[in-house]
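Structure at a glance
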Amino acid sequence: MRLEDLHPAPGATRRRKRIGRGRASGTGKTSGKGHKGLNARSGGGSRVGFEGGQMPLYRRLPKRGFIPYGTKVEFALVKLRDLSARFPAGSVVDPAALVAARLIKASGRHAVKILGDGDVAHALTVKTHKISESARQKLEAAGGRVEVLAR
C-alpha cells in the first residue's frame, strides 16, 4: 500500500451541487429556494422558537414566581433516625462530622437542616444551621443540646 493508492470508499464522496449556474443545470434562476419568502432571502430563515405567527409556547405557558439570584438556599437534609444510628451517645454532630459519616456531601455542609423523622435514643450535641421544631423537641427530651449556626 502506497500513499497515492489511498482513496475514499465508493459512494463516500459526492460532487458539489453548483447552484445558480443557469436553467440547464437544474438549479438555476431561484437556486432551489423557490419564489420569494423568508427562506429565499440571504440570511433568511426564522428564529428559534418561531411558530409561524401563532402564539409561541414560551408565551402560552404561565409565568410563576420570582427568586432573586443568590438568595435561594438549598439545605442538605438529615433525618434524626440517621443521627441516632451513626453517632454514639454524647458525641458532637456538626456539618464536618456529617460529611465524615457520609450523611451529606461536602458541598452541602454550608447549609444543613435536621428533620424530626424518627427517634433519637441517646443524648447528642447537634450544631446545625436549621432544625425542625419536632427534631429539637426529640433531641432535648433525650438529654441532648441544639446549637444553631449562622449561615
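Residues numbered from 1 in each chain as written. Predicted model: local features only at pLDDT ≥ 70, side-chain atom pairs only at ≥ 80, totals over all residues. Heavy atoms only, no water.

The sheet built from three strands is open, its strands ordered β1-β3-β5 with parallel pairing. Two strands bound the open sheet, and with one partner strand each, they are β1 (76–79) and β5 (130–131). Pairing of strand β3 (residues 112–115) with β5 involves two bridges; the strand directions are parallel. Of the residues in β5, the one forming a bridge with I114 is I131. (Pairing = 2+ DSSP bridges. Helix = DSSP H or I, 4+ residues; strand = E, 2+ residues; numbered from the N terminus.)

For the rest of this paragraph, the subject is the sheet that holds strand β6 (residues 145–148). The three strands are arranged β2-β4-β6 in an open sheet whose pairing can be described as parallel. If you trace the sheet from one side to the other, it starts and ends with β2 (92–93) and β6, each paired once. Two strands pair when backbone bridges link them, and β2 and strand β4 (residues 125–128) are joined in this way by two bridges, in the parallel orientation. Of the residues in β4, the one forming a bridge with V92 is T125.

Next up on the list: the side chain of T125. Along the polypeptide, T125 turns up in strand β4. Judged by relative accessible area, T125 falls into the buried class, the value being 16%. If we ignore the near neighbours within four places in the chain, the residues touching T125 are S91, V92, V93, R145 and E147. (Buried < 20%, exposed > 50% of the residue type's maximum accessible area, 1.4 Å probe, protein only. Contact = heavy atoms within 4.5 Å.)

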